[in-house]
Every structure is written in structure tokens, then in C-alpha cells.
Amino acid sequence: MADWMRLDNAALIFPAVRRRDWTNAFRVSATLKEPVEPELLQQAVDALLPRFPSMYVSLHRGLFWYYLQKLKRAPRVRQDGACPLIHMTGKELRECCLRVLYYENRIAVECFHALTDGSGGMVFLKTLTAQYLSLRHGISIPAVEGVLDPLETPHPAELEDSFTRTAGQVPLSRKEENSLHLGGRREEDGFLHLTIASVPEARLLELAHEYGCTVTAFLCAVMLQSILKLARLPQGGRWAKVTVPVNLRKVLGGETLRNFALTVNVGVDPRLGSYTLRELTRAVQSQLETQVTAQQMAARVAANVQPSQNFLIKILPLPIKNFALRMVYRRVGECKGSINVSNLGKTKLPGEMAAYVRFLDFTIGPQATYANNCSVVSYGGVTRINLIRSTVEPRLERDFLTRLVELGLEVTVDSNERS
């Protein structure tokens with residue numbers, strides 16, 4: 001790899017829409033069965049520098065595009081605080097686009113979304129945790145279940161912009177109804193409230209099957225119930241919709257460690273009346289099955305890739321590109337969804353490593369214009385639902401989790417709520 005690299009197609013939007021008080025970022029973490037030793041964690045971070053050239057980078061402005069500069073030294077590990085995903089400033093991004101944090105038993109990695117998506121971030125976290133445990137306990141952990149061999153040379157496929165390879169010939173129209181948003185009083189100091197609900201994975205899957213849908217569709221439907229209850233209706237004909245990120249590696253193939261996900265929006269029109277949970281699960285499942293196909297996703301990729309390959313757009317100076325991208329984002333971005341429900345699904349670890357890991361977590365930060373987000377990952381028989389918000393009142397979390405309990409799920413809750 002050269003000393004710098006272009007942003008992948010999905011990443012182009014993130015620097016352009018970043019604000020002084022908001023950066024599109026996410027977090028993956030592993031909670032161990034023993035306290036983390038910071039010195040060994042730093043050694044593990046240092047050791048992975050050659051293996052992950054697309055992760056150890058800083059963000060810089062060029063004349064026409066932003067670009068990522070390869071780091072010569074790995075970032076220093078830092079102690080984690082009570083608030084996850086503290087705003088990444090422009091100065092920080094010019095130094096490094098990821099953070100490695102520790103607190104008691106937890107190793108956390110926070111990434112600016114221009115680097116990778118949740119799936120790529122989880123591969124990095126697994127490999128980092130494996131390297132740490134190897135140093136800590138002198139064990140050999142095989143390169144399976146998403147753990148990469150730290151001594152291996154990065155594969156070219158891991159560094160590719162898979163969007164340009166998989167774009168279809170015909171772009172899909174972005175036209176769709178706008179979505180209603182929940183209100184709420186924002187935290188003045190920018191504190192983010194994180195509630196983690198642990199539920200039995202097997203029972204959640206059983207419940208989803210009882211409603212004839214996937215776990216993702218089931219959680220989206222329950223979330224829609226809560227949104228419909230809490231939103232102030234009507235909102236000018238806006239729908240209640242959930243934004244669902246789709247891992248394109250599973251649909252279009254590929255091994256990239258960079259961004260390779262796109263979102264679809266699923267939901268209902270509140271003007272048509274009330275909806276039972278079964279009606280919502282049926283609607284969401286049907287919409288996901290219709291939208292998440294190889295043909296549809298390739299057409300969505302084309303809608304993003306084709307404009308960026310236009311010669312006239314390529315030669316526009318960066319400030320004009322940023323303005324145009326912000327306008328596009330305002331028109332077809334966050335206004336189309338009420339909340340994200342991002343499910344990484346079931347993940348495994350090598351047996352030699354699993355003996356030391358209690359939990360895996362995945363947290364996406366709130367959006368700029370709506371305050372709540374939800375992200376999910378299952379490991380070791382437990383599904384962890386991370387609910388984050390930037391508002392004071394926990395209205396959505398409370399209603400959503402109450403519904404899960406009423407549906408027969410055993411829910412254990414942890415949070416970073418301030419006393």
C-alpha cells in the first residue's frame with residue numbers, strides 16, 4: 001500500500017457532513033473475564049500496524065477529495081470514560097481516525113466511519129483482542145472466525161473499494177417518503193446515554209420465528225411500535241421508518257475491510273391507521289426481502305458510484321463538493337429514517353480465545369438530526385442490544401425494552417446513566 005489511499009465510495013460523505021459537534025462514528029468492544037493490562041494492550045496495538053494499513057490512518061484534505069494518510073506509528077491506548085463516542089474533532093482525525101480504549105475488563109475501538117463499517121471494525125477488534133490475549137497468556141490463537149493472522153501480509157481484496165467493483169449498470173432511484181423523528185431535550189454537554197440490554201439469543205430467535213420473520217425484522221417491528229406510540233402525530237405525512245444497514249459482503253461478495261454496507265429503510269404510514277406487531281413484522285420482513293437482493297443492492301451501489309465517477313464532479317474543488325454532498329445528504333439521508341437498527345448478527349470467536357471473553361458489543365452513535373440509535377450483536381448465546389441517545393429523557397429505550405419484556409424475553413440492563 002502507498003503512504004496514502006482514497007476514501008471508498010461510501011466514505012466520501014462522512015467528512016463532508018461532519019459538524020463541529022457531531023462525527024459519524026461507531027464503537028466495537030470486548031469485555032474480558034479479567035482486567036486489561038494497558039502496557040500489553042499497547043504492544044498488541046503496535047504489533048497490528050503492518051497488518052491493518054487501512055485502519056491506522058489519518059484524514060486530510062486534498063484539492064479535490066479528502067484522503068487517508070498511513071500512520072508511521074500506532075495510536076496510544078487511552079483509558080475509557082463514562083461517555084462513549086466522544087466527539088472526534090478535526091484535529092484528532094488529522095492525527096488518527098480510530099481510538100483504542102480500555103477500562104477495567106473492557107477493550108474498545110472507536111472508528112470514524114470513513115475507515116470501515118461495523119463488520120470491518122469487528123474483524124479489527126477480534127484480531128486486536130486475540131493479539132492481546134496471546135501476549136497476556138502466551139497462547140496461540142488460530143486465524144479463524146474473523147481473527148486475522150497478524151504476521152500475514154494484507155490481501156489486496158481487504159483494501160479494495162468494493163463499491164466500484166459491484167456497481168450495477170442502472171442506478172436505483174432514491175425517491176421515497178420522509179420519516180418522522182422523535183423530539184427530546186438534548187444534553188447540553190453532549191453526553192451520550194448508553195443502555196445495553198442483554199437477552200437470551202435462542203429465545204429471541206424463537207420469538208422472531210413465531211412471528212415469521214428474522215431477528216432484525218422483529219426488532220425493527222418492535223421499535224416501530226415504540227416510535228408510533230411516542231411520536232407526535234401527524235407529522236406532515238411522514239412515515240415511521242427504521243434504517244437497516246446491509247452488509248454487502250453477504251449479498252455481493254468480497255473480503256474488504258473498508259466500508260461495504262448500504263442502508264435500506266423499512267416502515268409504515270401512520271395515516272393508514274394502527275398496526276399490530278404481527279402486521280408490522282409482516283410489513284418489515286416483506287420490505288427487507290424485496291429490497292435486499294443482489295440486483296437491488298447493485299443498483300443502490302450504482303446510484304452512489306456513478307455520480308462520483310462523473311468527470312465534471314471529479315474536477316470540482318473540494319469546498320464545492322462538500323457543499324453538494326451536504327445538500328444530497330440533507331435531501332436523501334437522515335430525513336428518510338427515524339432510527340437505525342444495525343444488527344451484526346451472530347458472531348463467534350476461536351475456542352482458545354472465547355474462554356477469556358464474556359461479551360462483545362457494537363454501538364453506533366446518534367445521528368446529527370435524530371437522537372436515538374440501536375445496534376445489535378450476538379455472541380456466546382447472548383444478544384446485546386445497544387441503545388444510545390443524545391437526549392435527556394429515556395423515553396424510547398424504556399418503551400422498547402418494556403415491550404420486549406411483555407413479549408416474554410428475559411432482559412438484563414446495564415447503563416452509563418449519571419446519578
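Nothing here was measured: the structure is a model prediction, and the numbers come from that model.

> Outline the packing of helix 7 (residues 201-210) against helix 8 (residues 215-230), listing residues and values.
Between helix 7 and helix 8, whose axes approach to 9 Å, the crossing angle comes to 80°. With respect to each other, helix 7 and helix 8 are oriented roughly perpendicular. Contact with helix 7, carried on its side by Leu204, Leu205, Leu207 and Ala208, involves Val215, Phe218 and Leu219 of helix 8 and no other residues of that element. For the contact of helix 7 with helix 8, the class distribution of residues is 7 nonpolar, no polar and no charged.

> Requested: an account of the pattern of salt bridges, with residues and values cited.
The final tally for this structure, using the stated rule, is 22 salt bridges. With a shortest N-O distance of 2.5 Å, Arg27 and Glu110 are connected by a salt bridge. With a gap of 83 residues between them, Arg27 in strand 2 (residues 25-32) and Glu110 in strand 7 (residues 106-112) connect regions that are remote in the sequence. The residues Arg27 and Glu110 share a single accessibility class, namely buried. With a shortest N-O distance of 2.9 Å, Lys229 and Asp399 are connected by a salt bridge. A residue pair is termed long-range when its members are at least 10 positions apart, and Lys229 in helix 8 and Asp399 in helix 15 (residues 395-406) qualify at 170 residues. When salt bridges that share partners are traced, they join Arg27, Arg78, Asp80, Glu92, Arg99, Arg106 and Glu110 into one network.

> Before we move on, could you go through the packing of helix 2 (residues 38-47) against helix 4 (residues 118-137) and cite the residues and values that matter?
The geometry of helix 2 relative to helix 4 is characterised by a closest axis approach of 9 Å and an angle of 125° between their N-to-C directions. As the angle between them shows, helix 2 and helix 4 are arranged oblique. Of the two elements, helix 2 crosses helix 4, and the hand of that crossing is right-handed. Together, Leu40, Leu41, Gln43, Ala44, Val45 and Ala47 of helix 2 and Leu128, Gln131, Tyr132, Leu135 and Arg136 of helix 4 make up the contact between the two elements. Tallied by class, residues from the contact of helix 2 with helix 4 come to 8 nonpolar, 2 polar and 1 charged.

> Give me the lowdown on the sheet that holds strand 5 (residues 78-79), citing residues and values where you can.
The strands making up a sheet are joined through hydrogen bonds of the backbone, oriented either antiparallel or parallel. With mixed pairing, 5 strands are arranged side by side in an open sheet as 5-6-7-2-12. Strands at the two margins of the open sheet, each flanked by one partner only, are strand 5 and strand 12 (357-364). Of the strands in this sheet, strand 6 (98-103) and strand 7 touch helix 2, which is tilted by about 155° from strand 6. Most of the contacts of helix 4 go to strand 2, to which it runs at about 30°, and overall it touches strand 2, strand 6, strand 7 and strand 12.

> Got a sec to walk through the nonpolar core? Specific residues and values, please.
Ranked by internal contacts, the top residues of the largest apolar core, which has 73 residues, are Leu41, Phe52, Tyr56, Phe124, Leu128, Tyr132 and Val357. In this structure Phe124 touches Leu48, Phe52, Met55, Tyr56, Leu98 and Val109, once residues within four positions along its chain are discounted. The next biggest cluster of nonpolar side chains, apart from the first, holds 54 residues, and it includes Tyr211, Val222, Val244 and Val284.

> Which residues make up empty space enclosed by the protein, and what are the values?
Under the defined criterion, the tally for this structure stands at 3 cavities of 30 Å³ or more. Approximately 70 Å³ is the volume attributed to the largest cavity. As for the largest cavity, its lining consists of Leu182, Gly183, Gly184, Asn372, Arg389, Thr391, Glu393, Arg395, Leu396 and Glu397. The element contributing the most residues to the lining of the largest cavity is helix 15, with 3 residues. Looking at the lining of the largest cavity residue by residue, the classes come out as 2 nonpolar, 4 polar and 4 charged. The computed volume of the second largest cavity comes to approximately 60 Å³. Every residue along the wall of the second largest cavity is listed here: Leu7, Leu12, Ala16, Trp65, Tyr66, Leu318, Lys321, Asn322 and Leu325. Taken together, the residues of the lining of the second largest cavity sort by class into 7 nonpolar, 1 polar and 1 charged.

> Help me get a handle on the sheet that holds strand 3 (residues 57-61), residues and values and all.
If you trace the 3 strands from one edge of the open sheet to the other, you get 1-4-3, paired in antiparallel fashion. Looking at strand neighbours, the two that pair on one side only are strand 1 (4-6) and strand 3, the edges of this open sheet. In this sheet, neighbouring strand axes are inclined to one another by 35° on average, regardless of whether the strands run parallel or antiparallel. Relative to strand 4 (residues 66-70), strand 3 is paired through 5 bridges, and the arrangement is antiparallel. Paired with Val57 across the bridge in strand 4 is Lys70.

> Provide a residue-level description of helix 2, including the pertinent values.
Restricting attention to buried positions, one finds in helix 2 the residues Leu40, Leu41, Gln42, Ala44 and Val45. Looking at the buried side of helix 2, the elements it contacts are strand 6, strand 7 and helix 4.

> Lay out the packing of aromatic side chains with the relevant residues and their values.
All told, the structure shown has 6 aromatic pairs when counted by the stated rule. Relative to Phe218, the ring of Tyr211 lies with its centre 5.8 Å away and its plane at 50°, an arrangement referred to as tilted. The exposure class assigned to Tyr211 is buried, which follows from its relative accessible area of 19%. Site record: aromatic cluster; members linked through ring pairs are Phe52, Tyr56 and Phe124.

Rules and cut-offs
Residues numbered from 1 in each chain as written. Predicted model: local features only at pLDDT ≥ 70, side-chain atom pairs only at ≥ 80, totals over all residues. Heavy atoms only, no water. Axes fitted to C-alpha atoms, helices over the stretch in contact; angles between N-to-C directions. Helix = DSSP H or I, 4+ residues; strand = E, 2+ residues; numbered from the N terminus. Parallel < 35°, antiparallel > 145°, perpendicular 65-115°, else oblique. Contact = heavy atoms within 4.5 Å. Nonpolar A, V, L, I, M, F, W, Y, C, P; charged D, E, K, R; others polar. Salt bridge = Lys/Arg side-chain N within 4 Å of Asp/Glu carboxyl O. Buried < 20%, exposed > 50% of the residue type's maximum accessible area, 1.4 Å probe, protein only. Left-handed = near helix turned anticlockwise from the far one by under 90°. Pairing = 2+ DSSP bridges. Core = buried A, V, L, I, M, F, W, Y, C linked by side-chain atoms within 4.5 Å. 1 Å grid on protein atoms, 1.4 Å probe; cavity = no way out; pocket = protein on both sides within 12 Å on 5 of 7 lines; lining within 4 Å. Points joined across faces, edges and corners; volume = space filled by probe spheres on them. Phe/Tyr/Trp six-rings, centres within 6.5 Å; stacked < 30°, edge-to-face > 60°.

Note that all results are geometric; they support no functional claim without further evidence.
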